[in-house]
Amino acid sequence: MKNEVLRFLREQEEYLSGEEISRRLGISRTAVWKQINTLKKEGYEIASQTRIGYRLISVPDRLYPEEIQKQLRTNLVGRNMIYRERVDSTNILARQTGETGFVDGTVILAEEQTAGKGRLGRVWHSPMGTGINMSLLLRPAIPVSDAAKITLLTGAAVARGLEEITGLKIGIKWPNDLQIQGKKVSGILTEIKADMDQIHYLIVGIGINVNEQDFPEELRETATSLHMEVGRQVSRIETAAVVLNHWEEIYQRFLTQGFTVVREEWKQYAVTLGKEVHVRTINETIHGQALDIDEDGLLLVQDEDHQIHRIMAGDVTLRT
Ligand code: BTN
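Rules behind the numbers
- Residues numbered from 1 in each chain as written.
- Predicted model: local features only at pLDDT ≥ 70, side-chain atom pairs only at ≥ 80, totals over all residues.
- Heavy atoms only, no water.
- UniProt positions renumbered as here; feature names shortened; annotations may be inferred.
- Helix = DSSP H or I, 4+ residues; strand = E, 2+ residues; numbered from the N terminus.
- Expected span 1.5 Å × (residues − 1).
- Polar contact = N/O pair within 3.5 Å; in protein donor to acceptor, adjacent residues only side chain to side chain.
- Pairing = 2+ DSSP bridges.
- Axes fitted to C-alpha atoms, helices over the stretch in contact; angles between N-to-C directions.
- Contact = heavy atoms within 4.5 Å.
- Near = heavy atom within 4 Å.
- Areas by Shrake-Rupley, 256 points an atom, 1.4 Å probe, with all protein chains shown as cover.
- Nonpolar A, V, L, I, M, F, W, Y, C, P; charged D, E, K, R; others polar.

The feature "DNA-binding region" (unreviewed entry), as given by UniProt, occupies residues 18-37 in the numbering adopted here. End C-alpha atoms of residues 18-37 are separated by 13 Å, and the span's content is 85% helix alongside 0% strand.

Next comes the structure, spelled out in structure tokens:
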């Protein structure tokens, strides 16, 4: 009902009377008034004039599913959305949802995460209302060994989306750190539940720093936000929708044409390839030149003894 009232207000440039809304929806004037109040509490700015009616002035930049969905061109992803004001982690909520009969392509969004998860056990800084914290919950019919490719595909999609929104050059540090001029603006955390031959569900967690104007001391040197880079407030609704639209387009291409096209796209953003790097993996640190990513999305690094290492997971730093 609330969304119906909102839809009427959107369609109307001028004031729309409470009577008109109540007639069209077949509800009482009091019920209309209640819905208007709910919308106002959610941050919608609605002007009301006695005996004239209501007019929508502005929409809050909150990650409300109906606002994002209006800008989606997707068939799968984001058709079903779960929204929370505050959550421990959207990836954790996605996992809980994955254990139930979920809709493929469900997107989970939160304004704030109290225990946002980063890669390698790190914390993802996610204060109230400034960034995009979202998790895609999927049931892809792909081999378990292909899951890592989804991370790379997501990096390319987010990079494309952020370039479209800001007009700035986005770089990707393997596997999934999105950067603007060397500072991290977005990260991706992919998790799966699978057995040997089947993925039960796959979660793609995407964090984007959008309107942060400062970061805690320990991140200040290394993190940035879209706002800090373009010098103005950036719409989180639009950013989320643009990223999801690109994501589905690349995902479909991956499913129909395979990883080669995605790999080429990913490489256009790569900032690590051709560079001298240190790569810290679980059991060793490799020094060498990052040559390429292979057909499985693994990083190829050639060390000083000309030995080539295929790296599945690790932390890359550029050698200075
Ligand atoms: C990284 O670069 O370390 C990955 C960061 C991933 C953060 C996102 S925010 C939405 C989703 N929920 C989480 O708890 N983490 C991911």
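Side chains of residues three or four places apart in an α-helix project in the same direction, reflecting 3.6 residues per turn. Compared with the 32 Å implied by 1.5 Å per residue over 22 residues, the 31 Å span of helix α9 (residues 236-257) between its first and last C-alpha is a close match. The backbone nitrogen of I237 has a side-chain oxygen 3.4 Å away, supplied by the residue at the start of α9, namely S235.

Our next topic: the sheet that holds strand β4 (residues 106-113). The seven strands are arranged β3-β4-β5-β9-β8-β7-β6 in an open sheet whose pairing can be described as mixed. Each edge of the open sheet is held by one strand with a lone partner, namely β3 (81-87) and β6 (171-173). Between one strand axis and the next, the sheet turns through 20° on average, direction left out of account. Where strand β5 (residues 132-138) and strand β9 (residues 198-208) come together, seven bridges link them in antiparallel fashion. Looking across to β9, one finds that M134 is bridged to I206. Packing against the sheet, helix α6 (residues 147-166) makes contact with β6, β7 (177-180), β8 (183-195) and β9, and its axis sits at approximately 150° to β8. Lying on the sheet, α9 is in contact with β3, β4, β5 and β9; it crosses β5 at an angle near 30°.

Let us look at the site of the ligand. As a structural note, the neighbourhood of the ligand is formed by 20 residues, with S89, Q113, K117, R119 and K184 the closest of them. One nitrogen or oxygen atom from the side chain of Q113 is found 2.9 Å from a nitrogen atom belonging to the ligand. K184 places a polar side-chain atom, nitrogen or oxygen, 2.6 Å from an oxygen atom of the ligand. In the complex, 98% of the free accessible area of the ligand, which totals 410 Å², lies under the protein chains. Contributing elements (two or more residues each) for the shell around the ligand: α5 (90-98), β5, β8 and β9. The leading source of residues in the shell around the ligand is β8, at four residues. Taken together, the residues of the shell around the ligand break down into five nonpolar, eleven polar and four charged.

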